[in-house]
Amino acid sequence: MTLGDAAEPLVHIQDFRMDFGDTTVIRDLSFDVHAGETFGFLGSNGSGKTTTLRALLGIYRPTAGILHIDGKVFEPSDGARLGYLPEERGLYKKEAVLDVMVYFGRLKGLSKAEARSWSGAYLERVGLGGKAKTRLDKLSSGQQQKVQLGVTIMNNPELLILDEPTKGFDPVNRRLLMDIIEEHKRAGATVIMVTHQMEEVERLCDRVILLKDGVARAYGTVEDVQEEFGGTVYRVTYDGVLPASHLFDVVSDDDGQAELAPRQGASEEKVLRELVEAGAGIRSFTPARISLDEIFIKVYGEQHELAEG
Amino acid sequence: MALAQHNLGTVIAFEFTRTTKKRGFAIATLAIPVLLIVVFGLLYASNTTTKNSAEAQKNAQFSFTYSDASGIIAPAGAQAAGGTRAINPAAAIEAVRNGSSAAYFEYPTDPTREPVKVYGADKGMFENGKYEAVAKQLLEASAQHQVGSPQLTAALTGTVKFDSETFKDGKTAAGVGGVIPPLLFLVVFYISMILLSNLMLNSTLEEKENRVTEMILTTLNPTTLITGKIVSLFMVGLVQVMVFLAPVGLAYLFFRDRLALPELDLSSLVFEPGPMITGALLLLGGFTVFTGVLVAIGAIMPTAKEAGTIFGPLMAMMFIPFYTFSLVISNPEALIVQIFTYFPLTAPVTALLRNGFGTLNPIEATIVIVELFVVGILILRLAVHLFRYGSIEYGRKLNIAGTFRRSELAAK
C-alpha cells in the first residue's frame, strides 16, 4: 500500500477536540500535513502534542473532530507503512535485540529473512552489531533508544511520526538520528516531528504548528511563523549601555550581545540611529529573522509571567 | 485480512517461543516430571524391596514351635511348614527368648475373640514380618483344609467379586463408568487454569510494564494481539500437560507392575454423547470466561503485584462450588446450587460437576453453555477495549468508565 495523494493532504485534522473528564485538553485544532513534507509539531509540555498524535493513531478516541491519515481513520490492520516513535519508549526488555526487531519487522509485513537482514545492517550502522543476541534490558538507555528507532523505521515508512525523537540521546546519537531523519526526508517520506529542539526544526521542517493549551497559536511555513511573530530582529554587539526606547523591545541581552525586536514602523535606520545617539557603543548591527526559540519564549513567556504574577 | 492472519501467526510464534524459552518456565515445567520420576524411582525401589520381602517371608523356612487350643491347626500342615507342637508354652517362649528356638505361635481357643500370639527372634523390622506371615498362612491353610471347599473359604474371607447393573429409562445405566468420562473435562479445566491463569494475567501486563503498548497498538490490531496471546498460551499449556504426562505414561507402559499402578480398564468407561458434548462445551465456555476476565484484569492493573490482589479471589471462585459438593450431587435444586450453576465465575465448575453426575438436564445445560459463551465473548471484547484504550495508562489503575465515556463522546 502506498500512502499519499498529491491532491489531498496525507494527514488531515479538522476541528479536533479532546476532553479528559471535565478538562478539555485540545480544542478546535485543525491542520494538514502534505505528502513529502517535514512537519514540526511544537509546544511546551502538556500543550496537547502527544494527545493529538495518539488520537491520530487511534490510541485515544477523539471527543470530536476528524483525524485522518490518507483520507481515513488510521487502523494498524490497513497495512499502512507507518513508523511511530512514541514519547513513552519501551520494548520487550527480557528479549534479545534481534528477536524483538524481527518480531516487529514481521508485524510490519517483512519476511523473516528480510527482517533479520535489515536488522543486522541497522545494528551494524548504529554500533550495536555485537549486541544482536543481548537482552534489551542489558543495554544502556541510549542503546535501547537506538533499537527503538530501528524498529520505528524498519519498514521504510512513508509516514514517520516521531514524538520527541532526541529525548534521551547524547549529542553523537542525536546527530545520527538527525541523519536518519534527513535520509527518509530525502527519500520522500513524510515526517511529523514533536520536538523542543528548535534549531532542528529550523533546519529540517518545512512547516510547523505551535500549540499552547490545546490551541494552535502559529501554523505555516517556518518563514510565515517567523514573520507572524515579528519577522526581523536586529542582532547587535555593543560595549556601552542599551537605552530604553519606544522603537524596539530587547528580546535578549547577554554579555554585550543583544537581540532587538523593532516595534511597528521602526525602520532599521531609525533603530541604529537611536542606538548610536544614545552612546550604546555599537560594534556590529545585523538584521536577522526571529528564531523559533524566541517565538516559543514569546508565546510561553506570557504564560510564565502570568503564573509567576 | 491476509495481514491480520499473518500477524496472528507472528504473534503466536513470538509469544509461544518467548514463553517456552524462559528459564523460569523450563524450571517450573520440568520440576513436576522430575519430581514424578524421583517419586516413581523411590516407589520402584520400595516396591521391589517390599515384593521381594513379602515373597521371602511367605516362603520363609524356619523351625518353630506352636500350641493350638482352637484345634484348627492341621498337625501335618504345621509339620510340613517346619512346626513342632510345644508341650509347655512358658518353656517355648523362654526358648525363643534365649535363642534356642526361632519362633513360637500360640493359637488361642477362639481366634475370633483372642489374638494369635507370635513370638520370634528379632531379625530386624522388615524380616520380623515373616513370623506373622507364616502363622497366618498356617491358620488359613488349616481352616481351608477343615472346610474342604475353596468356594466357601472365598465367601468367608470376602474375596468374592460383585458385578452390579442398574437400569435407567429401560436401559442399563452407565454407573461410575459413565460418571468418569464427563468429569475429565472438569479435570482438564482445572489443569488448564492452574497452569495458564498466571500467564494469562501477565500477558497484557507485560506490554504496560514495558511501555510497549503504543508501539504495538500502532502496528497491530489489539484483537489480533490478544487472540494470538490466548492461542499461544493454550499451546504452552498443551506442552506443559504433555511434559507432565510423559513420565506417567512411560511409567504405566513399562513399569506398571513394579510401581503397583492400577490397571486401566477402559472397557468399563461409558462415553455417552450427550454428557461428553455438554462437558466439552462447558469447558470451552468456562475457559473463555476466565480467559477474558484475566486478560481484562491485566489491562486494568498497572503492575503484576496489584493484579495479584484480584487474582486470588478470582481463582477462589473455581473452588467455591466444591464446598457444596454434596448438594450439587444430591440436591441440585437447592438455591445455592442454582446460584452457582448460573453465576458466570462458578458456573463452569458447578455445571461440569452436575453434568458428570447426571443432574444437569438438557435445558439447564443449554442455558449455561449459551450464558458462558455470551458472557465470555463480551468479557473478551471488553478486555480488548480496555487494552486498547486503557493500557496506555502506564503506572495507573484504569478508570473503566472513563474508557467508555470517551467512546460515547466520540460517537456524538
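Residues numbered from 1 in each chain as written. Chains lettered and ligands numbered in written order. Predicted model: local features only at pLDDT ≥ 70, side-chain atom pairs only at ≥ 80, totals over all residues.

1. Notes on the overall build of chain B
So, point 1. Assigned secondary structure in chain B consists of 16 helices and six strands.
So, point 2. Considering chain B as a whole, with its 412 residues, one finds that 32% of them fall into the buried category.
So, point 3. If you take every contact in chain B between residues at least 6 apart in sequence, the share linking residues at least 24 apart comes to 73%. (Helix = DSSP H or I, 4+ residues; strand = E, 2+ residues; numbered from the N terminus. Buried ≥ 20, exposed ≤ 12 C-beta atoms within 10 Å, placed from the backbone. Contact = placed C-beta atoms within 7 Å.)

2. Some details on the overall build of chain A
So, point 1. Across its full length, chain A holds nine helices and 13 strands.
So, point 2. Projecting the C-alpha coordinates of chain A onto the three principal axes gives extents of approximately 75 × 45 × 40 Å.
So, point 3. By residue count, 40% of the 309 residues in chain A fall in the buried class.
So, point 4. Contacts in chain A between residues at least 24 apart in sequence constitute 67% of all its contacts with a sequence separation of at least 6.

3. Considerations on helix 1 (residues 49-56) of chain A
Residues and elements named next belong to chain A.
So, point 1. The buried fraction of helix 1 is high, at eight of eight residues.
So, point 2. Residues K49, T50, T51, T52, L53, R54, A55 and L56 constitute the buried set of helix 1.
So, point 3. Of the residues trailing helix 1, G58 is marked for its positive phi of about 80 degrees.

4. Things to note about the domain arrangement of chain A
So, point 1. What the domain assignment lists for chain A is domain 1 (11-226) and domain 2 (232-289).
So, point 2. Relative to domain 2 of chain A, the C-alpha centre of domain 1 of chain A lies at a distance of 40 Å. (Domains from an automatic or database assignment.)

5. Some words on the confidence of the model for chain A
So, point 1. For chain A, the average pLDDT comes to 85, and 94% of its residues sit at 70 or higher.
So, point 2. Scored below 50 in pLDDT, residues 303-309 of chain A makes zero contacts in the model with residues more than four places away or belonging to other chains. (pLDDT = per-residue confidence, 0-100.)

6. Description of the packing of helix 7 (residues 176-209) of chain B against helix 10 (residues 273-300) of chain B
Residues and elements named next belong to chain B.
So, point 1. Helix 10 packs onto helix 7 with a crossing angle of 15 degrees between their chain directions and a minimal axis gap of 9 Å. It follows that helix 7 is roughly parallel to helix 10 by the angle criterion. For the pair helix 7 and helix 10, the crossing hand works out as right-handed.
So, point 2. The residue inventory of the contact of helix 7 with helix 10, partitioned by class, reads 20 nonpolar, nine polar and no charged. (Axes fitted to C-alpha atoms, helices over the stretch in contact; angles between N-to-C directions. Parallel < 35°, antiparallel > 145°, perpendicular 65-115°, else oblique. Left-handed = near helix turned anticlockwise from the far one by under 90°. Nonpolar A, V, L, I, M, F, W, Y, C, P; charged D, E, K, R; others polar.)

7. A closer look at the environment of P362 of chain B
All names here are of chain B.
So, point 1. Relative to the helices and strands, P362 is located in helix 15 (residues 362-390).
So, point 2. Residue classification places P362 among the exposed positions, given that 9 C-beta atoms sit within 10 Å.
So, point 3. Note: C-alpha distance between P362 and T278 (84 residues apart in sequence) is 8.6 Å.

8. Topic: the interface of chain B and chain A
So, point 1. Counting from both sides, the interface comprises 23 residues of chain B and, opposite them, 26 residues of chain A.
So, point 2. For the side of chain B that touches chain A, the element with the highest residue contribution is helix 1 (residues 2-20) of chain B, accounting for six residues.

9. Here we look at the pairing of strand 9 (residues 215-221) of chain A
Consecutive side chains along a regular strand alternate between the two faces of the sheet.
Residue and element names in this part refer to chain A.
So, point 1. Pairing of strand 8 (residues 207-212) with strand 9 involves six bridges; the strand directions are antiparallel. Among the inter-strand pairings, L211 is bridged to a residue of strand 9, identified as A216.
So, point 2. Linking strand 8 to strand 9, which pair antiparallel, is a turn of two residues; within it D213 sits at a positive phi near 50 degrees. (Pairing = 2+ DSSP bridges.)

10. Some thoughts on the nonpolar core
So, point 1. L56 and M101 of chain A together with L282, A296, I297 and A383 of chain B are the most contacted members of the largest nonpolar core, which totals 133 residues.
So, point 2. Here the element with the most residues in this core is helix 10 of chain B; it accounts for 13 residues.
So, point 3. Beyond its immediate chain neighbours, meaning those up to four positions away, M101 of chain A contacts A115, S119, V147, G150, V151 and M154 of chain A.
So, point 4. In terms of nonpolar packing, the next biggest core, distinct from the first, is built from 17 residues, V96, A103, F105 and L138 of chain B among them. (Core = buried A, V, L, I, M, F, W, Y, C linked by C-beta atoms within 7 Å.)

11. A look at the sheet that holds strand 12 (residues 257-262) of chain A
Residues and elements named next belong to chain A.
So, point 1. Here four strands make up an open sheet; going across it, the order is 11-12-10-13 and the pairing antiparallel. Edge positions in the sheet fall to strand 11 (248-254) and strand 13 (282-289), since each has one partner strand and no second. Adjacent strand axes in the sheet meet at a mean angle of 25 degrees, parallel and antiparallel pairs treated alike.
So, point 2. Alignment of strand 11 against strand 12, held across six bridges, turns out to be antiparallel. In the strand pairing of strand 12, D254 is matched with Q257.

12. Quick notes on the sheet that holds strand 2 (residues 23-33) of chain A
Within a beta sheet, neighbouring strands are joined by backbone hydrogen bonds and run either parallel or antiparallel to one another.
All names here are of chain A.
So, point 1. Ordered by their spatial adjacency, three strands build an open sheet running 2-1-4, and the pairing between neighbours is antiparallel. If you trace the sheet from one side to the other, it starts and ends with strand 2 and strand 4 (64-69), each paired once. Across the sheet, the mean angle separating the axes of adjacent strands is 25 degrees when strand polarity is ignored.
So, point 2. Bridge count for strand 1 (residues 11-20) against strand 2 is seven bridges, and the pairing is antiparallel. What sits directly across from H12, in strand 2, is D32.
So, point 3. Strands in contact with helix 1 are strand 1, strand 2 and strand 4; relative to strand 1, the strand with the most contacts, it is inclined by about 115 degrees.

13. Focus on unusual backbone geometry
Residue and element names in this part refer to chain A.
So, point 1. If you check the backbone angles, D70 has positive phi at about 55 degrees while not being a glycine.
So, point 2. Secondary-structure assignment places D70 in the loop between strand 4 and strand 5 (82-85).
So, point 3. If you check the backbone angles, D255 has positive phi at about 55 degrees while not being a glycine.

14. Some words on the packing of helix 2 (residues 97-107) of chain A against helix 4 (residues 141-153) of chain A
All names here are of chain A.
So, point 1. Running from N to C, helix 2 and helix 4 cross one another at 20 degrees; their axes reach a closest spacing of 9 Å. By the angle between their directions, the pair helix 2 and helix 4 is classed as roughly parallel. As helix 2 packs across helix 4, the resulting crossing turns out to be right-handed. On helix 4, the residues touching V97, M101 and F104 of helix 2 are V147, G150 and V151.
So, point 2. Residue composition of the contact of helix 2 with helix 4, by class: five nonpolar, one polar and no charged.

15. Comments concerning the environment of P344 of chain B
All names here are of chain B.
So, point 1. With respect to the helices, strands and loops of the structure, P344 is situated in the loop between helix 13 (335-342) and helix 14 (347-357).
So, point 2. Taking the C-alpha atoms as reference points, P344 and F189, separated by 155 residues in sequence, lie 15 Å from one another.
So, point 3. Contacts of P344, omitting those with residues within four sequence positions, involve V289, E371, L372 and V375.

16. Digging into the confidence of the model for chain B
Atomic detail in the predicted coordinates should be set aside for any region of low pLDDT.
Residue and element names in this part refer to chain B.
So, point 1. Scored by pLDDT, chain B has a mean of 82; 84% of the residues are at 70 or more.
So, point 2. Predicted confidence for residues 406-412 stays below pLDDT 50, and this span has eight contacts to residues more than four positions away or in other chains.
So, point 3. Of the two predicted TM-score estimates for the complex, the pTM is 0.72 and the ipTM is 0.76.

17. Let's talk about the environment of I209 of chain A
Residue and element names in this part refer to chain A.
So, point 1. Along the chain, the position of I209 falls in strand 8.
So, point 2. Classification of I209 as buried rests on a count of 24 C-beta atoms within 10 Å.
So, point 3. Taking the C-alpha atoms as reference points, I209 and L42, separated by 167 residues in sequence, lie 5.9 Å from one another.
So, point 4. Apart from the residues within four sequence positions on either side, I209 is in contact with F31, F41, L42, A216, A218 and Y219.

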